[in-house]
Amino acid sequence: MTSPTTTAPTATVRPAGGATLELGRAGGRRAPVWRQAVVLARRSLIKTFRTPEALVDVTLQPIIFLLLFTYVFGGAIAHGSQDAYLQFLLPGLLGQTIAMASVSLGQNLNADIEKGVFDRFRSLPIARSAPLVGAVGADVVRYLILFTVTMTVGTLMGFRAAQGPLAVGAALLLAMGFALCFGWISVYVGMKARTPGAVQGIMFLLVLPLSFGSNTFVPTATMPGWLQAFVNVNPISQLVDAMRGLMIGGPVAEHVLWTLVWMAGLLVVFAPLAVRAYRRRA
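Reading the values: the criteria
- Residues numbered from 1 in each chain as written.
- Predicted model: local features only at pLDDT ≥ 70, side-chain atom pairs only at ≥ 80, totals over all residues.
- Heavy atoms only, no water.
- Patch = residues over 30% accessible without salt bridge, like charges linked within 9 Å, V, L, I, M, F, W, Y side chains within 5 Å.
- Areas by Shrake-Rupley, 256 points an atom, 1.4 Å probe, with all protein chains shown as cover.
- Salt bridge = Lys/Arg side-chain N within 4 Å of Asp/Glu carboxyl O.
- Helix = DSSP H or I, 4+ residues; strand = E, 2+ residues; numbered from the N terminus.
- pLDDT = per-residue confidence, 0-100.
- Contact = heavy atoms within 4.5 Å.
- 1 Å grid on protein atoms, 1.4 Å probe; cavity = no way out; pocket = protein on both sides within 12 Å on 5 of 7 lines; lining within 4 Å.
- Points joined across faces, edges and corners; volume = space filled by probe spheres on them.
- Nonpolar A, V, L, I, M, F, W, Y, C, P; charged D, E, K, R; others polar.
- Axes fitted to C-alpha atoms, helices over the stretch in contact; angles between N-to-C directions.
- Parallel < 35°, antiparallel > 145°, perpendicular 65-115°, else oblique.
- Left-handed = near helix turned anticlockwise from the far one by under 90°.
- Phe/Tyr/Trp six-rings, centres within 6.5 Å; stacked < 30°, edge-to-face > 60°.

What follows covers a nonpolar patch on the surface. Taken together, the side chains of Val56, Leu60, Ile64, Leu68, Val72 and Phe73 present a nonpolar region at the surface, about 520 Å² in accessible area. Within the fold, Leu60 resides in helix H2 (residues 60-77).

Below is the structure:
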């Protein structure tokens, strides 16, 4: 008499009101880490799309910035030519906003920990790194949304990428790569701060000087000499110059090189710190 075959229970996570997402089999063969990360990234996206206000920073905010600076300040900055200022502004604003969109990464991780979501993850047969990798993967989708929204609105306003679609694609990849590296700062702060609000406050203290102390909105030459020294070494300025060169023409190689150097530095310094803090808290 043969005994009935038993199947190991499936480990799942169910977003609020959503479909069950399968992570692996408890007591059986565990799904690959990349598959676990994809499932958890999908969970993050489902949660985000069901709370549309979470997408304000990648939808309405870049539109408001683009309209505000072009039509309110553009005439004064570009000596009456709002169209010329739009060509100058959009590549810089695109690079800067994609980089700064990574602020929400640490905030969301902190919120999940505070709500006990990671306690549930620890009880599942998944790698400890899967929730972190999944969160980063979901952030890439947010960057693509921001890029699509900004380019669509900018094109309707009159922006033209003189260097062609391939150069625009290269600029997008560079900005996304920088955002993923910069995001390790957000992850580190998210693991160290006590509340999501504290993460947001700390990150904005860092983001605002980098954002407005750059050449995103005005040419460096119009600034005081002491400020130019900071702007020239600001990683956002290097990214913005590389984006402008790729999209509308100008020097590219040196600025791309310095952007890559900054990306490597952020990874070397903050990735180990963030991973250590993540292991201790999550």
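Structure shown, so let's carry the discussion forward.
On to the confidence of the model for the chain, then. When pLDDT is averaged across the chain, the result is 86; 89% of the residues are at 70 or more. Taken as a whole, residues 16-20 scores under 50 in pLDDT and shows eight contacts with residues more than four places along the chain or in a different chain.

Within the structure shown, the criterion is met by one cavity of 30 Å³ or more. In terms of lining, the largest cavity is formed by 17 residues, of which the most central are Ser44, Asn108, Asp112, Ala135 and Ala138. Elements supplying a minimum of two residues to the lining of the largest cavity: helix H1 (33-49), helix H4 (103-114), helix H5 (117-122) and helix H6 (130-157). With six residues, the single largest contributor to the lining of the largest cavity is H1. Looking at the lining of the largest cavity residue by residue, the class counts come to nine nonpolar, three polar and five charged.

This part takes up the packing of H6 against helix H7 (residues 165-192). Their axes nearest at 10 Å, the elements H6 and H7 cross at an angle of 135 degrees. The orientation of H6 with respect to H7, classified from their angle, is oblique. The two elements H6 and H7 meet at a crossing, and its hand is right-handed. Where H6 approaches H7, its residues Leu132, Val136, Val140, Tyr143, Leu144, Phe147 and Met151 are matched on the opposing element by Val168, Leu172, Met176, Ala179, Leu180, Trp184 and Val187. Taken together, the residues of the contact of H6 with H7 break down into 14 nonpolar, no polar and no charged.

Moving on: the packing of aromatic side chains. Under the definition given, this model contains eight aromatic pairs. Both rings, one in Phe69 and one in Phe217, keep their centres 4.3 Å apart while their planes meet at 20 degrees; by these two values the pair is stacked. Here the residue Phe69 occupies a position in helix H2, and Phe217 occupies one in the loop between helix H8 (196-212) and helix H9 (225-233), the gap between them amounting to 148 residues. Between Phe212 and Phe217, the aromatic rings sit 5.2 Å apart at their centres with planes inclined by 20 degrees, giving stacked as the arrangement.

A separate point is the layout of surface pockets. Roughly 630 Å³ of volume is contained in the largest pocket. What lines the largest pocket is a set of 27 residues, and nearest its centre among them are Asp57, Ser104, Gln107, Arg142 and Gln200. For the lining of the largest pocket, the secondary-structure elements that each account for two or more residues are H1, H2, helix H3 (82-100), H4, H6 and H8. Broken down by element, the residue count for the lining of the largest pocket peaks at seven residues, all from H8. A per-class count over the lining of the largest pocket returns 12 nonpolar, 10 polar and five charged.

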